[in-house]
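Coordinate analysis (summary)
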Amino acid sequence: MLEAHYNHRFIEHKWQQIWREKLLYRVENETIAGKPKYYVLDMFPYPSGAGLHVGHPLGYIASDIFSRYKRLNGFNVLHPMGYDAFGLPAEQYAIQTGQHPAKTTEDNIKRYRKQLDRVGFSFDWTREVRTCDADYYQWTQWIFKQFFNHWYNSRSGKAEPIDNLVAIFEHEGNINVLHQGDEAPKFIAEEWLDFSVAKKEDILQKYRLAFRKKTTVNWCEELGTVLANEEVKDGVSERGGYPVVKKSMWQWFLRITAYADRLLKGLDTIDWSDSIKDMQRNWIGKSEGALVHFSIDGKTEKLPIFTTRPDTIFGATFMVLAPEHEWALTLPDADHKAEVKQYVEHALNRSERDRMSDVKHVTGVFTGRYCKHPFTGELIPIWIADYVLGGYGTGAVMAVPAHDSRDFAFAKQFNLPVIQVIEGSEPFDGSASYDAKEGRCIKSDFLNGLPVKEAIQKAIEAVEEKRIGSRQVNYRLRDAGFGRQRYWGEPIPILYVDDVPTPLADRDLPLELPEVSSYKPTGTGESPLAALDTWVETEDGNRETDTMPGWAGSSWYFLRYMDPENEDVLASREAISYWGQVDLYVGGAEHATGHLLYSRFWTKFLYDIGIVPFEEPFKKLVNQGMIQGVVESLYLKKEKVDGQSVFTCTSLLTPEKIEEEYTKIPILVDFVQDYEKTDSPSYLNLESLKLFVDWRPEFQNAVFECSNGTWQNGIFDPKAKSYEPKFFTVSEVGKMSKRWFNVVNPDDICEEYGADTLRLYEMFLGPLEDSKPWSISGIDGVYRFLRKFWKLFVDKNGNYIPDESTPSKESLKTLHATIKKISDDIERISFNTCVSTFMIAVNELSAQECKSKEILDSMLILLSPFAPHIAEELWEAGGHTNSIVLAQWPRFQEKYLVEDSKLYPVSINGKTRTQLEFPLDMPKEEMEKHVLADEVVVKWLEGKTPKKVIIVPGRIINLVV
RNA sequence: GCCCUGGUGGUGGAAUCGGUAGACACGCAGGACUUAAAAUCCUGUGACCAUUGCGGUCGUGCGGGUUCAAGUCCCGCCCGGGGUACCA
């Protein structure tokens, strides 16, 4: 009945089928006989056309091991999977081929599912979600509506219904309202009641958590579309490399800034890596300082600025406004108007690329106006310069060149005075600014002698006393753009009734994505939906044609898994309170400031409006590292020689030559010899060269200058009486992607070695969180381990070995040491050491010739989270009728590990010289006697008496001479 | 620049609380079985010196320090990876 040799193909196919038929991994939303719940989640994938590569399952394998482990330990485990199915690549593909994105997405999902199934995951597929299903995005739209219908009350510190706000307005205007949002003009109740509907909405927009704002977007003329920040690299479009300029447009936003402080504070309550938390902290960028109003000479308005260094106010020698500042054009005096206008226009129209490549170049223009220094009364000039950001603070700064390097560079450029007001430990020589927040104030009147920190407080107090400013906190975080001018996304459920944005009624949700004839951008900056007049125009008004960004659906998907088929709510209250927070979330660190921040934001909002009973979605987060690939490429001469392409071997090139004359052409790694070896260079031989030109026919007649001759059209002309062509390639470590032709498909590994080997091997590669290049070398070791494991159970003739014999003391010790180590290591997500532990255990049990079923069955359970197929097969062979998934994790018993003696390392001056065995209960004094009498110790003491003898019971003995 | 990481044999990595550095595996070398190969099994494998047996010296990026004892803690550097970048 059993095969004598481990046959992964048969076993894995068999069990995957049984698991599927029996719905073995299905979970119920209820406490089964007092089982506690545990929620393990993976970041769901975007189903791209390329399929999975070996890097994708890394995190899934880890979470699967953890889920199975928790299940065996008596938890009711929710471990679902789904698809983040809206997104650009499908749309891009649709534009190129005319295929509906829904169709390609469906195809890709099928392929993903097949690949995932092959790895043997324990997902509960009955709970699958897809963000592009109307049943799903109906709730994404519903949440958007809630954002629209709420505002952030700073007094209560949470989101509240907009109707409450309107009631307040009708009662007392907005005089007493404190909110997180845009500044709104003050009005009283009577005025509010008189406002037109449009005017009211204009005001409400400054409060709503989902609102519209006119902003600059990244406009790419060539692509005829607006690009997200992520799609712009170095000032040009990531795809195609076309120039990107700024364009002003109305856009939907979510007011994440209202939650900035709570997002910051919440970080202290969750178990995430420091690096991710830090990234979020930096991204939110809280800075405390002061808002100070400087009076403008000859004007009644005051210029507000934000500074974190009010202690340096006596060193302020000029003011600077951003070119985007609302006064930039109105402030300058007559003599400077024209010049300023020219500068501002130029600065605003510069493309991203110009601005980026020009960071070093300091520019600016004087307005002809002056501010009055609030303490000295001196006049200080107001400038306009693009080094000041329009969107941060008030878009204006007081420049303190002596203590801010940016102001310093500007002062040097335009010959403005530099006044030192902080004395640090180093002398100030005027060649550079002193930016450190250390030292004491000088030349600063009432601040003199104070250390920086105290001076900041005192300066703020002084400013407040003078009623020219106040303490203020600023955040770097910006409100999140929520509209995309794209087709393949959730339609925003808004109708413009007489130009007033109005959400659809709940009964009209989902607002389904209509069919369009073309997925191409309209060229006007609107989404392809805008061309569909029949859809846009309704009886009540025109529809919003923007769709939601990719992160909309993924911001709350973890809730839908709890109750995926609910038609009345996004998930029932019972389901949400039963499953609660995600206990373990596994995914890539690249989502640090995107998905992971947005999910936290949405969760906090849903908490405020009473949908979820917790503020943080993911209790513990583990970031798996990236599995990189080897990128192989060839050097091609930029210029053809005699009309022919010429490739040159790396051994014939110098770095300068490469820089000037060559470009890199990537090659399918499979063609390259030794590409996996780190110790020898990779190269192309006769066969590889043929493969390459067949693969890239445009290089059919290319010349290959090899290290030892020239190859062309299949003919090799050796330099000397040489042997075979050898053409060395460039090897780099990079992303595994279709683009670099280095994708390793998990299916191939499953076919050759099996899913169990793939699972173990991916874990064995190293710590989960580390990035590492994929290499097949070493996989044999893991495969060999499984075969050895098999041989513990099955003899040469296919007979089942284990029997009811009494386990030996040694075997019990091996088993319990293994139980302890595996349990501990799984708990701390150290799966690579688990694999080593299994190898050690199998080596030991083999040596002991262990036949005890009791021991071996326990080993099966321990291994089952890692290699479920082989474990299930051998479990069944042992006569068990229930799946091993339903077994119980073996109980660790200390008594089998207790030793009565210990082989102590004995060191002299910290260096181990010998080993001596002593009973663990021997008193220190007696041990010391034995140690001092030892031959080796005596030799090392050279007749001297040790100064000190350190004996740490159960650990070590050290003698100091 | 700033923030976060990491640096250990030929390779991937282990050492969880400061207590025998290099577990486990790959690779390599030698051997057994075999007509042969594959598979399997056994032995060795940080470097250097010694090698007849012992043994010895050095060694966790570099330089200091704390300690009976440092890969692990502290100070100062060097290098790689990731994030972020005029955020006042």
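Located above this text is the structure these notes cover.
A quick note: this is a predicted structure, and the numbers were derived from the prediction, not measured.

Rules used throughout
- Residues numbered from 1 in each chain as written.
- Chains lettered and ligands numbered in written order.
- Predicted model: local features only at pLDDT ≥ 70, side-chain atom pairs only at ≥ 80, totals over all residues.
- Heavy atoms only, no water.
- Helix = DSSP H or I, 4+ residues; strand = E, 2+ residues; numbered from the N terminus.
- Buried < 20%, exposed > 50% of the residue type's maximum accessible area, 1.4 Å probe, protein only.
- Contact = heavy atoms within 4.5 Å.
- Areas by Shrake-Rupley, 256 points an atom, 1.4 Å probe, with all protein chains shown as cover.
- Lys, Arg positive; Asp, Glu negative; His and termini not counted.
- Charge placed at Lys NZ, Arg CZ, Asp CG, Glu CD.
- Near = heavy atom within 4 Å.
- Polar contact = N/O pair within 3.5 Å; in protein donor to acceptor, adjacent residues only side chain to side chain.
- Nonpolar A, V, L, I, M, F, W, Y, C, P; charged D, E, K, R; others polar.
- Pairing = 2+ DSSP bridges.
- Phe/Tyr/Trp six-rings, centres within 6.5 Å; stacked < 30°, edge-to-face > 60°.
- Lys NZ or Arg CZ within 6 Å of the ring centre and 35° of its normal.
- Axes fitted to C-alpha atoms, helices over the stretch in contact; angles between N-to-C directions.
- Parallel < 35°, antiparallel > 145°, perpendicular 65-115°, else oblique.
- Left-handed = near helix turned anticlockwise from the far one by under 90°.
- Salt bridge = Lys/Arg side-chain N within 4 Å of Asp/Glu carboxyl O.
- Right-handed = clockwise from strand over helix to strand, strands pointing away.
- 1 Å grid on protein atoms, 1.4 Å probe; cavity = no way out; pocket = protein on both sides within 12 Å on 5 of 7 lines; lining within 4 Å.
- Points joined across faces, edges and corners; volume = space filled by probe spheres on them.
- Arc of directions from axis to C-beta.

**Some points on the overall build of chain A**
If you tally the helices and strands in chain A, you get 30 helices and 38 strands. Split into buried and exposed, the 961 residues of chain A put 52% on the buried side. Look at the contacts in chain A between residues 6 or more apart in sequence, and 70% of them connect residues 24 or more apart. Entry remark: accessible area of chain A is about 45000 Å², with carbon and sulfur atoms responsible for 49%. Of the side chains in chain A, 113 bear a positive and 142 a negative charge, and the two mean positions are spaced by 3 Å.

**What to know about the protein's contact with RNA strand B**
Thr308, Arg406, Arg784, Arg787 and Lys821 are the nearest of the 53 residues found near RNA strand B. Considering the 4 Å shell around the protein, atoms of RNA strand B inside it are sugar or phosphate in 61% of instances. In this structure, a sugar or linking oxygen belonging to RNA strand B sits 3.2 Å away from a side-chain N or O atom of Thr307. Separating a phosphate oxygen of RNA strand B from a side-chain N or O atom of Tyr392 is a distance of 2.9 Å. At six residues, helix H26 (residues 831-848) tops the list of elements feeding residues into the surface near RNA strand B. Tallied by class, residues from the surface near RNA strand B come to 21 nonpolar, 15 polar and 17 charged.

**A few points about the sheet that holds strand E20 (residues 494-497)**
Spatially, the three strands line up as an open sheet ordered E21-E20-E22, and their pairing is antiparallel. Where the open sheet ends on each side, the last strands, each with one partner, are strand E21 (500-503) and strand E22 (542-543). Where E20 and E22 come together, two bridges link them in antiparallel fashion. Paired with Tyr496 across the two strands is Asn542, which belongs to E22.

**Section: the packing of aromatic side chains**
Under the criterion given, the structure shown has 73 aromatic pairs. Taken together, a centroid distance of 5.4 Å and an interplanar angle of 25 degrees make the contact between Phe187 and Trp192 stacked. According to the relative accessible area criterion, Phe187 is buried, its value standing at 2%. The buried category is assigned to Trp192, whose relative accessible area is 1%. The interplanar angle of 25 degrees and the centroid separation of 5.9 Å between the aromatic rings of Phe211 and Phe253 together place this pair among those described as stacked. Of this pair, Phe211 sits in strand E5 (residues 210-220) while Phe253 sits in strand E9 (residues 245-254); the two residues are 42 residues apart in sequence, bridging distant segments of the chain. Residue Phe253 is classed as buried on the basis of its relative accessible area, which comes to 8%. Feature note: the residues Phe144, Phe147, Phe148, Tyr152, Trp252, Tyr259, Phe482, Trp551, Tyr598, Phe601, Trp602 and Phe605 constitute an aromatic cluster, connected by ring pairs. For the cation-ring pair, Lys199 lies above Phe195, with the distance from its terminal atom to the ring centre recorded as 4.9 Å. One cation-aromatic arrangement involves Arg696 over Trp695; the distance from NZ or CZ to the ring centre is 5.7 Å.

**Points about the packing of helix H24 (residues 779-793) against helix H27 (residues 853-863)**
Look at H24 against H27: their axes get within 11 Å of each other, and the N-to-C directions meet at 150 degrees. Accordingly, the angle class assigned to the pair H24 and H27 is roughly antiparallel. The handedness of the crossing between H24 and H27 is left-handed. Here Phe785, Leu786, Phe789, Leu792 and Phe793 of H24 come into contact with H27, specifically with Leu856, Met859, Leu860 and Leu863.

**Examining the side chain of Asp84**
Considering the arrangement of structural elements, one finds Asp84 in the loop between strand E2 (76-78) and helix H3 (88-97). The charged side chain of Asp84 is buried without a salt bridge, its nearest counter-charge being Arg484 at 11 Å.

**Things to note about the pairing of strand E1 (residues 37-42)**
Successive side chains on a regular strand alternate, one facing one side of the sheet and the next facing the other. Of all six residues in E1, five are buried, a share of seventy percent or more. Two strands pair when backbone bridges link them, and E1 and E2 are joined in this way by three bridges, in the parallel orientation. Each residue of the ladder has a partner; that of Lys37, found in E2, is Asn76. Crossover connection from E1 via helix H2 (residues 57-72) to parallel E2: handedness right-handed. For E1 and strand E23 (residues 584-588), the ladder comprises three bridges, and the chain directions are parallel. By the bridge assignment, Asp42 is partnered in E23 with Val586.

**Describing the pattern of salt bridges**
As enumerated under the stated definition, the model contains 38 salt bridges in all. Here Glu106 makes a salt bridge to Arg130, at a shortest N to O gap of 3.0 Å. Of the two residues, Glu106 is situated in helix H4 (residues 101-118) and Arg130 in the loop between H4 and helix H5 (134-148); the sequence distance between them amounts to 24 residues. Judged by its relative accessible area of 31%, Glu106 falls in the partly exposed class. The class for Arg130 is buried, based on a relative accessible area of 16%. Each of Arg262, Arg600, Lys604, Asp608, Glu615 and Glu616 takes part in a single network of salt bridges with overlapping partners.

**Examining empty space enclosed by the protein**
What the rule picks out here adds up to three cavities of 30 Å³ or more. One number sums up the size of the largest cavity: a volume of about 80 Å³. Elements represented by at least two residues in the lining of the largest cavity include exactly H2 and helix H28 (868-877). The element best represented in the lining of the largest cavity is H2, accounting for three residues. Here the residues of the lining of the largest cavity sort into six nonpolar, one polar and three charged. In this structure, the second largest cavity occupies an estimated 50 Å³ of space. Forming the boundary of the second largest cavity are Leu58, Glu762, Met763, Gly766, Pro767, Leu768, Lys772, Ile829, Phe831 and Asn832. Going through the elements one at a time, helix H23 (755-764) and H26 are the ones with two or more residues in the lining of the second largest cavity. Tallied by class, residues from the lining of the second largest cavity come to six nonpolar, two polar and two charged.

**Quick word on the layout of surface pockets**
The calculated volume of the second largest pocket comes to roughly 710 Å³. In this structure, the second largest pocket is lined by 23 residues; those nearest its centre are Thr308, Tyr392, Val397, Asp404 and Arg406. Counting residues per element, the ones that place at least two in the lining of the second largest pocket are strand E11 (302-307), strand E15 (396-399) and helix H13 (405-414). Here the element with the most residues in the lining of the second largest pocket is E15; it accounts for three residues. For the lining of the second largest pocket, the residue count by class is nine nonpolar, eight polar and six charged.

**A look at helix H21 (residues 686-695)**
The complete set of buried residues in H21 reads Ser688, Leu689, Phe692 and Val693. In a view along the axis of H21, the buried residues occupy a sector of 130 degrees, so they form one face of it. Exposed side chains of H21 directed beyond 90 degrees from the buried face belong to Glu687 and Asp694. The secondary structure elements touched by the buried residues of H21 are strand E25 (627-637), strand E26 (646-648), strand E27 (662-666), strand E28 (683-684), strand E29 (703-706) and strand E30 (709-712).

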